[in-house]
Amino acid sequence: MGDLSADLAPTGVLRAAINLGNPVLTHGTAASPGGVTVDLAREVAARLDVPVEFVCFDAAPKSFEALTSDAVDICFLAIEPVRAASVAFTAPYVVIEGVYVVPEDSPLASPADVDRPDVRIGVNEGSAYDLFLTRTLAHATIVRGPDGVVAFEEQGLEVVAGIRQPMTAYVAGHPGTRIIPERFMQIRQAVGTTPARRPSTVTFLRELVEELKANGFVADALRRANQPDAAVAPPAE
């Protein structure tokens, strides 16, 4: 593993970007993070026989920026074409869903209904669902901000987009809102590093992710994090 360690952790420590803004994948604080991404980062470091350092952020775009600026060695991001130019991704390890929340009396009943000129959708700027909706919506207006829910509430938007689990919790605590049950996208969460790594290093990460999906490591990490609704991704094709 010497060559792999030198390539993937050139400082002698594996620096892992951790997005505390996604509660399905991570929980806790910057001083004491937990969740499936933290477990994966620890396992990568253990295989390389190096220490791990968790560099925590509150949003996915900051993790992306940290990787592309060489401030970290690996990240945990959703696979999106706009990111793939700068990130060498594994296959996904977890699949989660993007859903819409609307006011309870909204006439919108399906994701297809949402793409209309008179609909404004709040999103977390730079999130996987922001990137997806930016390239797929033809008519609706995307309203970006640090927190799409805040924009939804403060601006009286017609829709807010987000990850199913936190959106379900939001609706449970906010009478007068509801989820459109059908997902508008599947969010494929993967491990990423920079394309500048040696091909053998990227292959190591890809093969390790497949091993950890197959042997139950990822499923066990999700259970420990109390995220049973998050699905382990299928084997890579």
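Everything below is about the structure printed above this text.
Residues numbered from 1 in each chain as written. Predicted model: local features only at pLDDT ≥ 70, side-chain atom pairs only at ≥ 80, totals over all residues. Heavy atoms only, no water.

A. Representation of the packing of helix 2 (residues 36–48) against helix 10 (residues 217–224) in the model. Viewed as axis vectors pointing N to C, helix 2 and helix 10 meet at an angle of 135°, and their least axial separation amounts to 9 Å. The angle between helix 2 and helix 10 falls in the class oblique. In this structure, helix 2 meets helix 10 at a crossing whose hand is right-handed. Across the interface between the two elements, Val36, Asp39, Leu40 and Glu43 from helix 2 touch Phe217, Val218, Ala221, Leu222 and Arg224 from helix 10. Residue classes in the contact of helix 2 with helix 10 are distributed as six nonpolar, no polar and three charged. (Axes fitted to C-alpha atoms, helices over the stretch in contact; angles between N-to-C directions. Helix = DSSP H or I, 4+ residues; strand = E, 2+ residues; numbered from the N terminus. Parallel < 35°, antiparallel > 145°, perpendicular 65-115°, else oblique. Left-handed = near helix turned anticlockwise from the far one by under 90°. Contact = heavy atoms within 4.5 Å. Nonpolar A, V, L, I, M, F, W, Y, C, P; charged D, E, K, R; others polar.)

B. Broad picture of the packing of helix 2 against helix 9 (residues 199–214). Here helix 2 crosses helix 9 at 120°, and the two axes come no closer than 11 Å. Between helix 2 and helix 9, the angle falls in the class oblique. Our pair here, helix 2 against helix 9, has a crossing hand that is right-handed. Of helix 9, the residues touching helix 2 (which contributes Leu40, Glu43, Val44, Arg47 and Leu48) are Phe204, Leu205, Leu208, Glu211 and Leu212. A class-by-class count of the residues in the contact of helix 2 with helix 9 yields seven nonpolar, no polar and three charged.

C. Geometry of the pattern of salt bridges. What the rule picks out here adds up to 16 salt bridges. With a shortest N-O distance of 2.9 Å, Lys213 and Glu210 are connected by a salt bridge. Taken as a pair, Lys213 and Glu210 lie in helix 9 at a separation of three residues, close to a single helical turn. According to the relative accessible area criterion, Glu210 is partly exposed, its value standing at 22%. Connected through salt bridges with shared partners, the residues Arg15, Asp70, Asp73 and Arg197 form a single ionic network. (Salt bridge = Lys/Arg side-chain N within 4 Å of Asp/Glu carboxyl O. Buried < 20%, exposed > 50% of the residue type's maximum accessible area, 1.4 Å probe, protein only.)

D. Main features of empty space enclosed by the protein. Tallied over the full model, the rule gives one cavity of 30 Å³ or more. Space inside the largest cavity adds up to approximately 40 Å³. Around the largest cavity, the lining residues are Leu40, Val44, Val191, Leu205, Leu208, Val209 and Leu212. When residues of the lining of the largest cavity are traced back to their parent elements, those giving at least two are helix 2 and helix 9. Here the lining of the largest cavity is built from residues that sort into seven nonpolar, no polar and no charged. (1 Å grid on protein atoms, 1.4 Å probe; cavity = no way out; pocket = protein on both sides within 12 Å on 5 of 7 lines; lining within 4 Å. Points joined across faces, edges and corners; volume = space filled by probe spheres on them.)

E. The arrangement of the layout of surface pockets in detail. Quantified by volume, the largest pocket comes out at close to 670 Å³. Lining the largest pocket are 35 residues; nearest its centre among them are Gly21, Ala59, Asn124, Ser127 and Tyr129. Its residues placed into classes, the lining of the largest pocket shows 18 nonpolar, 11 polar and six charged.

Read these as spatial facts, not as claims about activity.
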